[in-house]
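Descriptive analysis of the structure
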Amino acid sequence: MTSQTLWRSFGLLQRASTRSFINTGSGRRALSSQSRIPDFAFAFDIDGVLLRSSKPIPGAAKSLALLQEQNIPFLLLTNGGGKHETERVAEISEKLQVPLAPEAIVQSHSPFAELVRGPDELSALENKCVLVVGGEGERCRKVAQQYGFKNVVTPGDIFMANPTIWPFKSFQNYYKDITKPLPNPKDPNDPSRGLKIDAIFVFNDPRDWALDAQIITDVLLSSEGVIGTISEKNGRTDLPNRGFQQDGQPHLYFSNPDLWWAAAYHLPRLGQGGFREALEGIWAAVTGGPSKGVELKKTVIGKPHQGTYEFAEIQLLRNRSRLLGSNIPPLKNVYMIGDNPESDICGANSYRSPHGSKWHSILVRTGVYNGGEPTWTPTTIADDVQKAVEWGLETSKWRG
Ligand SMILES: [Mg+2]
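Residues numbered from 1 in each chain as written. Predicted model: local features only at pLDDT ≥ 70, side-chain atom pairs only at ≥ 80, totals over all residues. Heavy atoms only, no water.

Going by the annotation in an unreviewed UniProt entry, the name recorded for the chain is HAD superfamily hydrolase, with Aspergillus heteromorphus CBS 117.55 given as the source organism.

Considering the pairing of strand 6 (residues 74–77)
The following threshold applies: Partly exposed describes any residue whose relative accessible area lies between the buried limit of under 20% and the exposed limit of over 50%, with all areas from a 1.4 Å probe on protein chains only and scaled to the type maximum. Strands are runs of DSSP state E lasting at least 2 residues, helices are runs of H or I lasting at least 4, and numbering of each runs from the N terminus. Two strands pair if DSSP finds at least two bridges between them. By definition, the crossover connecting two strands over a helix is right-handed if that path, from the first strand to the second, turns clockwise as seen with the strands pointing away from the viewer.
Both faces of strand 6 are covered, namely the face carrying Phe 74 and Leu 76 and the face carrying Leu 75 and Leu 77. Examined bridge by bridge, strand 3 (residues 40–44) and strand 6 share three bridges and lie parallel to one another. Note on strand 6: the bridge partner recorded for Phe 44 is Leu 76. Of the pairings in the sheet, the one linking strand 6 to strand 7 (residues 105–106) comprises two bridges and is parallel in character. When the sheet's bridge partners are listed, Leu 77 is paired in strand 7 with Val 106. A crossover connection joins strand 6 to the parallel strand 7 through helix 3 (residues 85–96); in handedness this β-α-β unit is right-handed.

Thoughts on the sheet that holds strand 11 (residues 251–254)
Put simply, the rule reads: Throughout, a residue-residue contact means that at least one pair of heavy atoms, one from each residue, lies within 4.5 Å. Lines fitted to C-alpha atoms define the axes here, with helix axes fitted over just the stretch in contact, and angles between the N-to-C directions of these axes take values from 0 to 180 degrees.
Reading across the sheet, the five strands line up as 9-8-10-11-14 and stay open at both edges, with parallel pairing between neighbours. This sheet does not close on itself; its edge strands, each paired only once, are strand 9 (151–153) and strand 14 (299–300). Two strands pair when backbone bridges link them, and strand 10 (residues 199–202) and strand 11 are joined in this way by four bridges, in the parallel orientation. By the bridge assignment for strand 11, Val 202 is matched with Phe 254. Running over the sheet, helix 4 (residues 139–147) touches strand 8 (129–133) and strand 9 and is turned about 165° from strand 9. Across the sheet, helix 7 (residues 209–221) touches strand 8, strand 10 and strand 11, and the angle it forms with strand 10 is around 155°.

Notes on the coordination of the magnesium ion
The condition that has to hold: Atoms of type N, O and S within 2.8 Å of a metal are treated as its donors, and for Na, K and Ca the window is 3.2 Å; water is not considered, so some sites may appear to be missing partners.
Distances from the magnesium ion to its protein donors, namely Asp 45 (OD), Asp 47 (O) and Asp 339 (OD), fall within the range 2.1 to 2.2 Å. Mapping the donors of the magnesium ion onto the primary sequence yields the spacing D-x1-D-x291-D. Given the relative accessible area of 24%, Asp 47 is considered partly exposed.

So, the environment of Thr 299
Relative to the helices and strands, Thr 299 is located in strand 14. With a relative accessible area of 6%, Thr 299 lands in the buried category. Remark: the alpha-carbon pair of Thr 299 and Phe 254, spanning 45 residues in sequence, is separated by 6.3 Å.

Comments concerning the pattern of salt bridges
In plain terms, the rule: Salt bridge, as used here: a side-chain nitrogen of Lys or Arg that lies within 4 Å of a carboxyl oxygen of Asp or Glu.
For the coordinates displayed, the defined rule picks out 21 salt bridges. As a salt-bridge pair, Glu 103 and Arg 322 come within 3.2 Å of each other at their nearest N and O atoms. Placement of the pair is Glu 103 in the loop between helix 3 and strand 7 and Arg 322 in helix 9 (residues 306–324), with a sequence separation of 219 residues. Its relative accessible area of 24% is what places Glu 103 among the partly exposed residues. Linked by salt bridges that have partners in common, Glu 138, Arg 141, Asp 157 and Lys 180 make up one network.

This is the structure in structure tokens:
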């Protein structure tokens, strides 16, 4: 299945509510029939736009409150993650002092939830064993379980079940409190009866790159995803991709392609995209890489990818119907406000909406972008989120 097909199957637009609401995040009240219906909406990146290292960016709270007050739909669209949507939204609400509902956010890994049931029964991962990589402590395991995956393991679980899998013990103290016994521990006498992984999800930034890279590489080189085995097809020149990933190994998913992100340090820090590049490098060294015609087969979601924007637009349309009713004019314009040209701006510029909306990109100066010619040219540049929202309202000739 291609990633396009996969993400397109992410659920159809839910039947719109027949009632009209003003969304206050924590409660809703009936919308006056006299209200104007906006044919536009906003999408906000979070880090570097609304918050910077967890602190509110001036004007952010005021801008969201204004949109709520005037019943203008919006969505937070972030490549961040590592927490469940309800938890993440509660934190942002508290920091900004603006009530937000869980459906107001799409995180980098939110679309993974659609794979629990999958496009069909055959590809559903609900009862399969999924390897969840990255994030703080046990958080991503819990997020995956809240999404509905019933059989979740982490690289730490595999390491603690068999510490010889990675000979360095620096992280043993970290793992001892956050790991669980394997559902099907490796049989030392017969590795083929060992734990079988059916999908690999990099949910969030790996904290232990070394172990995570080792375990993912092991699984990709295995026979049918069984830990401790090695595929006999690896390196066979008569097979596609030189025999690599041709033996029933699980599919590899990355949720966030960002190479850099804005944190408390004065220079951007390597993100999940950095880990992917490192893994690609290892894979090329192990298999011969592109010079031998071998690629790392994987699916990458998150901004700037089309699938993530499609997923976000479906959620935005759903929220819009909930807020304004179902019998309303179509959504024409979406203003995507971001600080990262490579993800926010590239994504909005490249996105082709299957629902007929046009996305405009607004680059702000409060995050990763620090002046000069951006790598992707936005529709406009604004000093901060407040100026960006003002620009969007003015462009749509909104007078409240
Ligand atoms: Mg950002």
